[in-house]
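Structural description and commentary
Here are the chains, one letter per residue:
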Amino acid sequence: MGPLSPTRTMRLWGPRSLGVALGVFMTIGFALQLWGGPFQRRLPGLQLRHSWASTPGPAVPSCLPRQRLVFLKTHKSGSSSVLSLLHRYGDRHGLRFALPARYQFGYPKLFQASRVKGYRPQGGGTQSPFHILCHHMRFNLKEVRSVEGVDRTGERWAHACSQDHQGRRPQAWRLPRHPLTQELGMGATKVLQVMPSDSFFFSIVRDPAALARSAFSYYKSTSSAFRKSPSLAAFLDNPRAFYQPGARGDHYARNLLWFDFGLPFPPEMRTKRGNPHPPRDPNPPQLPSGVGLRAHTLDPNALFHPVPTAADGHSQTSSAAFLDLRSSSFIQWNLAWLDSVFDLVLVAEYFDESLVLLADALCWGLDDVVGFMHNAQAGGGQGGSAVGDGGLTAEDRQLSARARAWNNLDWALYVHFNRSLWARIKQYGQSRLDSAVAELRARREALAKHCLVGGEALDPKYITDRRFRPFQFGSGKVLGYVLQSGLSLQDQEECERLATPELQYKDKLDAKQFPPTVSVPLKTSRLPSP
């Protein structure tokens, strides 16, 4: 039987049969477009933008992304991972960073606007505005933010400070000005500084017990107190034997978060020599076994009862009730001021939940806050697990209690912002948050499998590409990443952004904003031969 002619084919199939076949082919083609992900090697989750709305919303977003950002990068609190997100976002969107000449803004000195590379004060010529300020500094508001017209920070602080943690107005509290607010002045006009007055201010804090473990390992050679102590347990057993206020690097050894926030210390902690008796250490609230810290269940007044150290050998009495009351008022006074300045403070132990809230506050997409952990030490980690002493030995629980007691200002600061985080979560919606966190973690896992050899952070000995080898400091190894081979050009670029450590990324942004100038040699007449 010979081949069918076109006329015979039409007779066999007929118009209806041809219509059915055409419909089948169109359906298959449409399905392949919908399922393009499995058939095209591309980064999961980085090609599609999703709204943060709990239900499908309109195609046009209801808010504009915030792109004027000030991130206070605190030490040993998971801040390098947040910095990586900001580097990536700013790089992708062509934003201008306020960069230090090297890698920090003169830390541990207070931040000065003059340390920003390319910064010109008002009247010093035109300059493009900065979008992001995010590298290590000791916070100094009057040098960070421009006050265009009238500054309302003092008024916001006064309102925050006029209520206690339960929203009640204290009866006999005459509110003095905060020293940092007084420098700005209530309603005063200031010259232009680094960042616009409408910038979004945020930071991150960590449980002082976990922070102390990480800081002791990382700054062992930097802090004189840590260097003299054989172990963290020995240091916390009798910290006064090692710690001396004002000694080189000893700001790493006590209340490091408080120091990074640029807050004033009480007079008892400012003594340079002799180290007289500091304020009585508070008794940190004991956490139920296996239960994470949810600060709205804690009474902040419980922070300010004295607790013994091993060196004391006995419980301190409560005879210095005035001292405890004064310390409590001093701390709450400073925390209220921070509330008036910072729009959001993340919590390392609830890192993913914090990222969801950050994306919501900035009107960013989920993809903008999906990233890898950076500057984590082998065997350590940065955040990621709720605060709780369940599963720890009695010795470790005692160590945690002593670390929180010694870092009493940091503990008060941590409890305060942990409480504010959970208040924000309640407003956001727990079920909505759980869904967003699950999606964020799924995307991170998919990206790790796609981009990284082994799908996780590796020992630095396996990282031969210097672009991705993190700076090694302290006694622990700082982990990094190795990229998969065979990635497409687009995927390679995005995976490199995800894996690049903070120092190398800062150098990359620096070269992008301040490209090296090529000097052209002047033409000179050729000298005659002798």
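Residues numbered from 1 in each chain as written. Predicted model: local features only at pLDDT ≥ 70, side-chain atom pairs only at ≥ 80, totals over all residues. Heavy atoms only, no water.

Looking at the overall build of the chain
Formally: Runs of H or I in DSSP of at least four residues are treated as helices and runs of E of at least two as strands, each being numbered from the N terminus. Working definition: with a 1.4 Å probe on protein chains only, accessible area under 20% of the residue-type maximum means buried, over 50% means exposed, and in between means partly exposed. Only the protein chains shown count as cover for residues, and all accessible areas are computed by the Shrake-Rupley method using a 1.4 Å probe.
Across its full length, the chain holds 17 helices and four strands. Out of the 530 residues belonging to the chain, those deemed buried represent 48%. Summing over all exposed atoms, the chain offers an accessible surface of approximately 26800 Å²; the carbon and sulfur share of this is 56%.

A look at the sheet that holds strand S1 (residues 69-72)
Put simply, the test is: What makes two strands pair is DSSP finding at least two bridges between them.
Strand order in the open sheet formed by four strands is S2-S1-S3-S4, and the pairing between neighbours is parallel. The sheet is open, and its two borders are formed by strand S2 (132-133) and strand S4 (344-347), each paired with just one other strand. For strand S3 (residues 200-205) and S4, the ladder comprises four bridges, and the chain directions are parallel. Bridging from a neighbouring strand, Ile 204 pairs with Leu 346 of S4.

Overview of the pairing of S3
Of all six residues that make up S3, six are buried, and the element is covered over most of its length. Bridge analysis of S1 against S3 gives four bridges, and the strand direction is parallel. Residue pairing across strands places Leu 69 opposite Phe 200, the latter belonging to S3.

A word on the environment of Tyr 243
Following the sequence through the fold, Tyr 243 ends up in the loop between helix H9 (232-237) and helix H10 (256-260). Along the primary structure Tyr 243 and Ser 229 are separated by 14 residues, whereas in three dimensions their C-alpha atoms are 9.5 Å apart.

Re unusual backbone geometry
Cis geometry marks the peptide bond from Tyr 107 to Pro 108; its omega dihedral reads 10°. A positive phi is found at Asn 255, a non-glycine position, where the angle reads about 50°. Assignment of secondary structure puts Asn 255 in the loop between H9 and H10. Residue class for Asn 255 comes out buried when judged on its relative accessible area of 0%. Residues other than glycine seldom take positive phi values, yet Asn 375 does so here, at roughly 65°. If you trace the backbone, Asn 375 turns up in the loop between helix H12 (351-362) and helix H13 (394-406). We classify Asn 375 as buried; its relative accessible area is 18%.

Things to note about the packing of helix H3 (residues 79-93) against helix H17 (residues 502-513)
The cut-off we apply is this: Lines are fitted to the C-alpha atoms to define the axes, a helix being fitted only along its stretch in contact, and any angle between axes, read from their N-to-C directions, falls within 0 to 180 degrees. An angle below 35 degrees is read as roughly parallel, one above 145 as roughly antiparallel, one from 65 to 115 as roughly perpendicular, and any other as oblique. Each crossing is labelled by how the near helix is turned from the far one, with a counterclockwise turn of less than a right angle marking it left-handed and a clockwise turn marking it right-handed. Contact between two residues is taken to exist if any of their heavy atoms lie within 4.5 Å; hydrogens are not considered. Note on residue classes: Ala, Val, Leu, Ile, Met, Phe, Trp, Tyr, Cys and Pro are nonpolar, Asp, Glu, Lys and Arg are charged, and everything else, Gly too, is polar.
Interhelical geometry of H3 versus H17 gives an angle of 25° and a closest axis separation of 10 Å. Relative to H17, the element H3 is oriented roughly parallel. Both H3 and H17 take part in a crossing whose hand is left-handed. Across the interface between the two elements, Ser 80, Leu 83, His 87, Arg 88 and Asp 91 of H3 pack against Glu 502, Tyr 505, Lys 506, Lys 508, Leu 509 and Lys 512 of H17. A per-class count over the contact of H3 with H17 returns three nonpolar, two polar and six charged.

Quick look at the confidence of the model for the chain
Defined as follows: pLDDT expresses how confident the predictor is about each individual residue, on a scale running from 0 to 100.
A residue-level look at the chain finds 63% of positions with pLDDT of 70 or above and a mean pLDDT of 76. Counted against residues more than four places away or in other chains, residues 165-175, with its pLDDT under 50, gives 15 contacts. In this model residues 183-192 is a low-confidence stretch, pLDDT under 50, and it forms 31 contacts with partners more than four residues away in sequence or in other chains.

A short note on the environment of Arg 424
You can see Arg 424 is positioned in helix H14 (residues 408-428). Arg 424 gets classed as partly exposed once you look at its relative accessible area, which sits at 29%. Along the chain, Arg 424 and Leu 357 lie 67 residues apart, while their C-alpha atoms are 7.9 Å from each other. Setting aside chain neighbours within four positions, we find Arg 424 in contact with Asp 343, Leu 344, Leu 357 and Ala 361.

Side note on the packing of aromatic side chains
Quick reminder of the rule: Stacked, tilted and edge-to-face are the three classes assigned to paired rings of Phe, Tyr and Trp, where Trp is represented by its six-membered ring and a pair needs centres within 6.5 Å; plane angles under 30 degrees give stacked, over 60 edge-to-face, the rest tilted.
What the rule picks out here adds up to 26 aromatic pairs. When the ring of Phe 471 is compared with that of Phe 473, the centres are 6.0 Å apart and the planes differ by 20°; the resulting orientation is stacked. With relative accessibility at 26%, the residue Phe 473 sits in the partly exposed group. Ring pairs connect the aromatic residues Tyr 107, Tyr 218, Tyr 219, Tyr 252, Phe 259, Phe 471 and Phe 473, which therefore count as one cluster.

Structural notes on the state of the cysteines
Covalent bonding between the sulfur atoms of two cysteines is what defines a disulfide. We count it as follows: In this description, a disulfide is simply a cysteine sulfur pair whose atoms lie within 2.5 Å.
All told, the structure shown has two disulfides when counted by the stated rule. Paired by a disulfide, Cys 63 and Cys 363 hold their sulfur atoms 1.9 Å apart. Here Cys 63 and Cys 363 share a disulfide; its torsion about the S-S bond, 90°, makes the bridge right-handed. Here Cys 63 is found in the loop between helix H2 (36-39) and S1, whereas its partner Cys 363 is found in the loop between H12 and H13, with 300 residues between them in sequence. Linked covalently through their sulfurs, Cys 451 and Cys 495 form a disulfide whose S-S length is 2.0 Å.

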